[in-house]
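A look at the structure
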Amino acid sequence: METPAPAAWQPQEEGFKEICGLLEQQISPTSTADKFQIWQQLQHLSQFPDFNNYLAFILSRAEGKSVEIRQAAGLLLKNNLRNAYKTMTPAYQQYIKSELLPCLGAADRHIRSTVGTIISVVVQLGGIMGWPELLQALITCLDSNDLNHMEGAMDALSKICEDIPQVLDSDVPGLPDRPIKIILPRLYQFFHSPHTSLKKLALGSVNQYIMLMPAALYASMNQYLQGLFALANDQAAEVRKLVCSAFVQLIEVQPSFLEPHLRDVVEYILQVNKDGDDEVALEACEFWSAYCDAQLPPENLRGFLPRLIPVLVSNMAYADDDESLTEAEEDESLPDRDQDLKPRFHTSRIHGSDSVEDDVSYESLDMFIKFASLVYDLDDDIVNAWNLRKCSAAALDILSNMFGDEILPTLMPVVEEIIMYLDQAVDLDLASLIHIVKEQRHIGNMLLLCLQAKLAASGDESWKDREAAVLALGAVAEGCIDGLYPHLSQMVEFLIPLLDDKFPLIRSISCWTVSRFSKYIVQESGHQKGYEQFDKVLMGLLRRILDTNKRVQEAACSAFATLEEEAAEDLAPRLEIILQHLMCAFGKYQRRNLRIVYDAIGTLADAVGAELNKPAYLKILMPPLIAKWQQLSNSDKDIFPLLECFTSIAQALGTGFSQFAEPVFQRCIAIIQSQQLAKADPVTAGFLYDKEFIVCSLDLLSGIVESLGSGIESLVSQSNLRDLLLQCCMDDVSDVRQSAFALLGDLARLCAVHLRPRLPEFLDIAAKQLNTPKLKETISVANNACWAIGELAVKVHQEISPIAITVMSCLVPILQHSEELNNKSLVENSAITLGRLAWVCPEILSPHMEHFMQSWCIALSMIHDDIEKEDAFRGLCAMVRKNPSGALSSLVFMCKAIASWHEIRSEELHNEVCQVLHGYKQMLRNGAWDQYMSALEPPVKEKLLKYRV
């Protein structure tokens, strides 16, 4: 293949035929040629500068070739341009662009679509200003009245709007307005086109801008809304789906635009929620959660509840073509496929004040994840997982949280109707029951009676209705708890037999619904009847853990983990039988569900703590885990959940873990070393680097340090952990640094002597985590680094003085901008670490205290009583002794910080605080002290009395 001068480029016949031949072999299903070899040949040809010109020529001009070959050339061109466009000569770039534009109106829609995709890629790489002819060509096509040209231009535009919407909302030299302002009126015109394809592409394009809300869309919102209303009942399901999508997005980001039309919009969404096309109904169903999430007034939906709730409940029954119906029949003996293994996400350790980040409850988050994954069945392919049933359940859940018990009466007509519909074999006088239901005054009791009737249906044909009833009960369990509470005991009694139902999907959903009442079940276990029910639930879930159905196994393990979190030490009397069931499951589960067993074992260890440290229990628990530990290689991803499980076990056993510690410790070191090698040289390592191995190993090492206490010293002294840890603290991956600094702080507390040889390096890299322009993005790393510096300070004392000023200059802005950072843990750790630095080197920090006393004291006043707060106040007292005038302007805030103590347990510190206050009282004469005291609220002054001032 020759390379002629770019200005006069023309394809050579030989090159043209060779490329077409290769493409034909590549796409032919009957070709016997080696596909990989063909791909290599094409890759070789791509090294020629004009190869992409050939592809553009074949796509646009090879009329004698099949559409499939031309389209294949276009798709290969698209992929090549992603890597090569910016390095191509301008002449070749211009040639390709000049070949694409005439194809916008190609007769074949596949060619048009491929051209649109390539145009979007070129705009991504070169910008709209790099292709001045494009905009005019698109507008000419849109205005042409030729369907092919209009569709081709709209296809390209829709892809630009989807991939890079911002380029059309930017200034372009030579244009009086931004492109979006020129294009929008034409898109609105297509809303009224007789051609469904144009309506769909135009509406989809405009919808892409709702979140960005450019000025042009904002100014033309009335026209856009009128277009949506006109399309609301379009015959094409794809168009109705896009209308619903628009309303969902608008209610999320710009609800004020819908406010004048809200009643009509809600009415429309309610009707479309029953659409015969499931995708349209699903998109409509998203509206309810979006409305609630936007925290809009409940009264706008209240009047619709009697009609909305029945629709949601009706849509919660399994559809006949639901993939879950097939998957639910999978027997435990069937091996998992690789695609069955969902991606796992390890949460790195967060150390310090209550180990809380952003005030997020990890327990609540974990509960939500379990709910979402089991009931909504989320997996790595979210599009395939989400459906109308799951969306309806989520909507009912969030509506119950918005309206509480108000929605219970609206459930009644639905349940009543289903009761009448159920199998005639039900051994109940339905007419009498419905009469009783109508006479009942307490809605919880009405629901109970209806639920009892519905679940009593035992016919095979009614199982989907029974399953939906259990799902509905679980969905409203949280939001309607007050109305359900008086009858929860009876409801749980109805649910327990369903754990043994003949249908696996009823068994699995019953596990989840029972777990939603875990808190109540545990609360009531303090009396005999309540304990008996607790034990029934416990044993029922344990039976289901050993179910032969994979779906039920997963649901039971997750439900049991939830029960464990609530029951905690109350599980101690049943530990032996629990461990026997879990380890039996451990021996029989396939890979996917084995991960959930690890989680259940880890949660059990967290729940019962030291109760687990008994020889009889360890004999059941540890041998299978150790056997699995020995089977897995250092690069096997199945070791992740085992590392996490061992972390929880180590923390629960405390020093009891010492008998298992050495091989686990050494294995963690080996994993970290091998991963660091893989990062530098994957060929030598024999596998690819994966940060999760290092993060999990570091966290397990932290767990071992925490459990063994000073007993860790011998293991650390005989290893190269210090040097490995320093490398991890300098890693470019934030998750690795986060766990590394957590381990650094743990080691500082217990064996700082082994860190001393590289102490300056540890301190320097830790301080750098606090002084980064991307602090908000790596706030958990900064949190752990800050905590580690404080732990080191109280152990190495004056050795920290070289970086004291540097660290102080990083911590003070964090304290002064605490509201902007919105991270309680980092602010508290910053206050504590600053106090610890002040304690060990007050002479260095005290000259600067006037600049940070106020914000520091505000932060100190928010910290709960503990040893770390004591350290911080020792620093405060030490600085005040060195420079009493430095705190004078912030004396009121210091008094409030002192008053924040419930009780200072250290008598020595209590006396120091007394001395500080008495010192100021002596210093401030002639009524000045009383003037300061008058600025304090009465409760603060009352608390200061214990310090005898």
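Above this text sits the structure in question.
Presented here is a report on the structure given in the accompanying data block. All values derive from a computational prediction rather than experimental measurement. (Residues numbered from 1 in each chain as written. Predicted model: local features only at pLDDT ≥ 70, side-chain atom pairs only at ≥ 80, totals over all residues. Heavy atoms only, no water.)

The subject of this paragraph is the overall build of the protein chain. Scanning the protein chain for helices and strands turns up 54 helices and zero strands. Approximately 40,700 Å² of the protein chain is accessible, and the part contributed by carbon and sulfur atoms is 51%. (Helix = DSSP H or I, 4+ residues; strand = E, 2+ residues; numbered from the N terminus. Areas by Shrake-Rupley, 256 points an atom, 1.4 Å probe, with all protein chains shown as cover.)

Below, the discussion takes up the nonpolar core. Judged by nonpolar contacts, the single largest core of 330 residues is most densely connected at Tyr 224, Trp 288, Leu 625, Ile 649, Phe 657 and Leu 944. Not counting chain neighbours up to four residues away, the residues in contact with Tyr 224 comprise Tyr 188, Phe 191, Leu 203, Val 206, Asn 207, Ile 210, Leu 217, Ala 246 and Leu 250. (Core = buried A, V, L, I, M, F, W, Y, C linked by side-chain atoms within 4.5 Å. Buried < 20%, exposed > 50% of the residue type's maximum accessible area, 1.4 Å probe, protein only. Contact = heavy atoms within 4.5 Å.)

This part covers the packing of helix H44 (residues 779–796) against helix H47 (residues 824–840). Packed helices, taken two at a time, are described by their axes: the angle between them and the distance between them. Across the interface, H44 lies against H47 with an axial gap of 9 Å and an inter-helix angle of 25 degrees. One element, H44, and the other, H47, form an angle in the roughly parallel class. As for how H44 packs across H47, the hand of that crossing is left-handed. Residues Ile 779, Ala 782, Asn 783, Cys 786, Trp 787, Ile 789, Gly 790, Glu 791, Ala 793 and Val 794 of H44 touch H47, and the partners they reach there are Ser 825, Leu 826, Asn 829, Ser 830, Thr 833, Arg 836, Leu 837, Trp 839 and Val 840. For the contact of H44 with H47, the residue count by class is 11 nonpolar, six polar and two charged. (Axes fitted to C-alpha atoms, helices over the stretch in contact; angles between N-to-C directions. Parallel < 35°, antiparallel > 145°, perpendicular 65-115°, else oblique. Left-handed = near helix turned anticlockwise from the far one by under 90°. Nonpolar A, V, L, I, M, F, W, Y, C, P; charged D, E, K, R; others polar.)

Another point: the state of the cysteines. For the structure on display, the rule yields zero disulfides. Free cysteine Cys 914: the closest other cysteine sulfur is in Cys 877, separated by 9.5 Å. (Disulfide = S-S within 2.5 Å.)

Where H47 meets helix H50 (residues 867–882), the closest approach of the two axes is 7 Å, and the angle between their N-to-C directions is 50 degrees. By the angle between their directions, the pair H47 and H50 is classed as oblique. In this structure, H47 crosses over H50, and the sense of that crossing is left-handed. Contacts between H47 and H50 involve Ala 831, Ile 832, Gly 835, Arg 836, Ala 838 and Trp 839 from the former and Glu 868, Asp 871, Ala 872, Arg 874, Gly 875, Ala 878 and Met 879 from the latter.

Residues Asp 278, Asp 321, Glu 323 and Glu 327 make up a contiguous surface patch of negative charge. One can find Glu 327 in helix H19 (residues 323–327). (Patch = residues over 30% accessible without salt bridge, like charges linked within 9 Å, V, L, I, M, F, W, Y side chains within 5 Å. Salt bridge = Lys/Arg side-chain N within 4 Å of Asp/Glu carboxyl O. Lys, Arg positive; Asp, Glu negative; His and termini not counted. Charge placed at Lys NZ, Arg CZ, Asp CG, Glu CD.)

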